[in-house]
Amino acid sequence: MSTSLRPWSAPAWGDAGLVSGEAVELDVRAARIGSRVLALLLDVLLQLVLGLLLAALVAVALAALPYGVIDAALERALFTIGLVLLLVGYPVCFERLNHGRTPGKAAVGLRVVSVDGAPVGLRQSLTRALVGVAVEWPGLVLPLLSWVAGVTVMLSDTRGRRLGDLVAGTLVVHTRAATRWRPTPATVPALAGWAYTLDLSRLDAGLALAARQYLTRSHQFAEPARGDLGRRLWREVAAVTAPPPPPGLPEPIYLAAVLGERHRRARHRLASERVLAAAVWPQLGANRSDEPVTAPPAPPPTGVEPPPPAQAGPRVRPPAPAGTDAEMVPVAGTEWTAGRP
């Protein structure tokens, strides 16, 4: 058996591919075949119970009718109506009235949504139910072959969708968080100067998310798996960052320093964009406290003294342009009307 380390790949956590209306990718997991089969089994059990109750009610109602009214055609018609109600009406009604969740999906923590993240519609619920009855479960058209085709599609699809989801344009996602994360560890002061000089241009969002997940969930791992995973992650991060860190510290400390610096730069960039937006469109950048939005100054490099603050001097009114009324020229920071300040 080879003991060489395989290349690490980021876990597919937010793999549902859902994007909100603000163009923000949602961190939502797509439901795979295991959780969906469990939800299906729970729904099938409930459908059997409802079928028995419905059959008992129909039998009582038919027993009260006079002899000779019931024939074979009526029995077959009632049986067909009951199957349609259980196999098609059951999922459609629950998905429409319970926010895309049948009782089985609600127990497992799943929900049916559109591929764009919107709530599932009536047409989509009806389409996926009809396709499921015809070619998936129970599979009225070539049962064995359709079952194999349905399982193959779910295993091969990147988001675990079945045939009904592909036809209806829907997706089943998890509604519960798998675990509670701890806050990301802060950067140690000994690495602050090194982190300030880092080149993070090649550090992509996927690798940064993997490092964040490791730091917030490493307490759930046991040695030696925790240390092995930390070393793998640091090798991936060190290959796309420069310069190398000072030696002698554990790999999670280096990861925390890189993430902390990446977050600091993101906050500074966001604040600069807000200042620019406030300068171009003041109403957009105004806050509730009516205070000007200023970007936080970046910390100076190690060994460089910051420049002294500028001394505030008296305001000087600019000279009036030639050919204009001096009373009409505004002074910076004041509001002027025609003829008077």
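The preceding data block contains the structure.
Reading guide: rules and limits
Residues numbered from 1 in each chain as written. Predicted model: local features only at pLDDT ≥ 70, side-chain atom pairs only at ≥ 80, totals over all residues. Heavy atoms only, no water. 1 Å grid on protein atoms, 1.4 Å probe; cavity = no way out; pocket = protein on both sides within 12 Å on 5 of 7 lines; lining within 4 Å. Points joined across faces, edges and corners; volume = space filled by probe spheres on them. Helix = DSSP H or I, 4+ residues; strand = E, 2+ residues; numbered from the N terminus. Nonpolar A, V, L, I, M, F, W, Y, C, P; charged D, E, K, R; others polar. Buried < 20%, exposed > 50% of the residue type's maximum accessible area, 1.4 Å probe, protein only. Pairing = 2+ DSSP bridges. Salt bridge = Lys/Arg side-chain N within 4 Å of Asp/Glu carboxyl O.

K.L.:
Just checking my understanding: could you explain the layout of surface pockets for this structure?
P.N.:
One way to see where empty space is left: roll a probe the size of a water molecule over the atoms. Within this model, the largest pocket holds a volume of roughly 670 Å³. What lines the largest pocket is a set of 29 residues, and nearest its centre among them are Leu40, Gly132, Glu136, Trp137 and Arg162. Those elements that place two or more of their residues in the lining of the largest pocket are α1 (33-63), α2 (72-97), α4 (122-136) and α5 (143-156). In terms of residue count, α1 provides more of the lining of the largest pocket than any other element does, 9 residues in total. A breakdown of the residues in the lining of the largest pocket according to their chemical character gives 17 nonpolar, 5 polar and 7 charged. Among the elements that make up the lining of the second largest pocket, the one with the highest residue count is α2 (9 residues). For the lining of the second largest pocket, the class distribution of residues is 15 nonpolar, 3 polar and 1 charged.

K.L.:
What exactly am I supposed to notice about the pairing of strand β1 (residues 110-114) here?
P.N.:
Looking along a regular strand, one sees the side chains alternate between the two faces of the sheet. Extensive coverage of β1 is indicated by the burial of 4 of its 5 residues. As paired elements, β1 and strand β2 (residues 170-174) share 5 bridges and run antiparallel to each other. Each bridged residue has a counterpart across the sheet, and for Val112 the counterpart in β2 is Val172.

K.L.:
Help me understand the pattern of salt bridges, please; the structure alone is not making it clear to me.
P.N.:
Opposite charge on two side chains allows them to pair when their charged atoms are near. Tallied over the full model, the rule gives 9 salt bridges. Arg232 is the salt-bridge partner of Asp228, the closest N and O atoms lying 3.3 Å from each other. Within this pair, Asp228 and its partner Arg232 are both found in helix α9 (residues 225-238), separated by 4 residues, close to a single helical turn. A salt bridge links Glu261 to Arg264; the shortest N-O distance between them is 2.8 Å.

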